[in-house]
Each structure stands twice: as C-alpha cells, then as structure tokens.
Amino acid sequence: MNSKMNSYKTGIFSEILACIYLQLHGYKILHRRYITGKNTGRAEIDIIAKHGDLIAFIEVKRRKNIVKALDAVTPRQIIRLRRAAETYISHINWTGNARFDVIIITPFKIKWIHAAI
C-alpha cells in the first residue's frame, strides 16, 4: 500500500506541476480531476483549461520517458476521455474550440503535446 500512496502523491504532484506550467503559458484552470458519470464508462479528466476561445482537456502522465508516457494513453482511455469531454461541453453549452492534449512529466523534462488525442 505504501507504493500505491507514493504513486498517488506523485500523480497529484505531477498534475499540480502541469497546472503551473499551463498557467505560465496563459491558460486558466477550470477544473482538476473532473469526473463525470461514475460507473458509466466515463473517465476522469486530469485538467480542463481555457485559453481564449479554446478549452483544452489535458491528460497528465508521469513516466521515465516520453514513449512510455504516450503508450500509457490507451485506445480505451481515449474513448472514455472523449465521452467525458462531450458531457462537459454539453453541460456548459460550449461553442468554442476544444482539443485534447497530453502533458508528460519525466524526471528532467515537461513535454506538452497539443492535439495528442
């Protein structure tokens, strides 16, 4: 259980770091850990951020390298993230642009991939 708690804390820290990174790039954080429809096949969106007329749905991955992080975004997860984003967009009646990004945290780098999903 100790390693699970450390993994959880590392994940939370990575999301906080990603939020700071986004804010430094002019994004406003709308939600963190947005969950829609528990037990309905929906997903948790790590970060929802806004910049102008764009809402970015952001998945944060902390891995040893970029390839392992991208491999961790599975096709099943992508489907669930899209459904969660569609629910969010319809809930707030958003008419602007939207995209899915991935922010990868490695030991020595932050990599932000726009329109990754």
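Refer to the structure printed above.
Residues numbered from 1 in each chain as written. Predicted model: local features only at pLDDT ≥ 70, side-chain atom pairs only at ≥ 80, totals over all residues. Heavy atoms only, no water.

Quick look at the environment of Phe108
With respect to the helices and strands, Phe108 occurs in the loop between β4 (97–106) and β5 (109–113). Between the alpha carbons of Phe108 and Asn65 there is a distance of 9.3 Å; along the sequence they are 43 residues apart. (Helix = DSSP H or I, 4+ residues; strand = E, 2+ residues; numbered from the N terminus.)

A short note on the pairing of β4
Most of β4 is tucked away, with 8 of its 10 residues classed as buried. Summarising the sheet, strand β3 (residues 54–62) and β4 pair through 9 bridges and their orientation is parallel. Within β4, the residue paired with Arg62 across the bridge is Ile105. Of the pairings in the sheet, the one linking β4 to β5 comprises 5 bridges and is antiparallel in character. Bridge pairing links Ile105 to Ile110 in β5. Between β4 and β5, which pair antiparallel one after the other, the connecting turn spans 2 residues. (Buried < 20%, exposed > 50% of the residue type's maximum accessible area, 1.4 Å probe, protein only. Pairing = 2+ DSSP bridges.)

Note that all results are geometric; they support no functional claim without further evidence.
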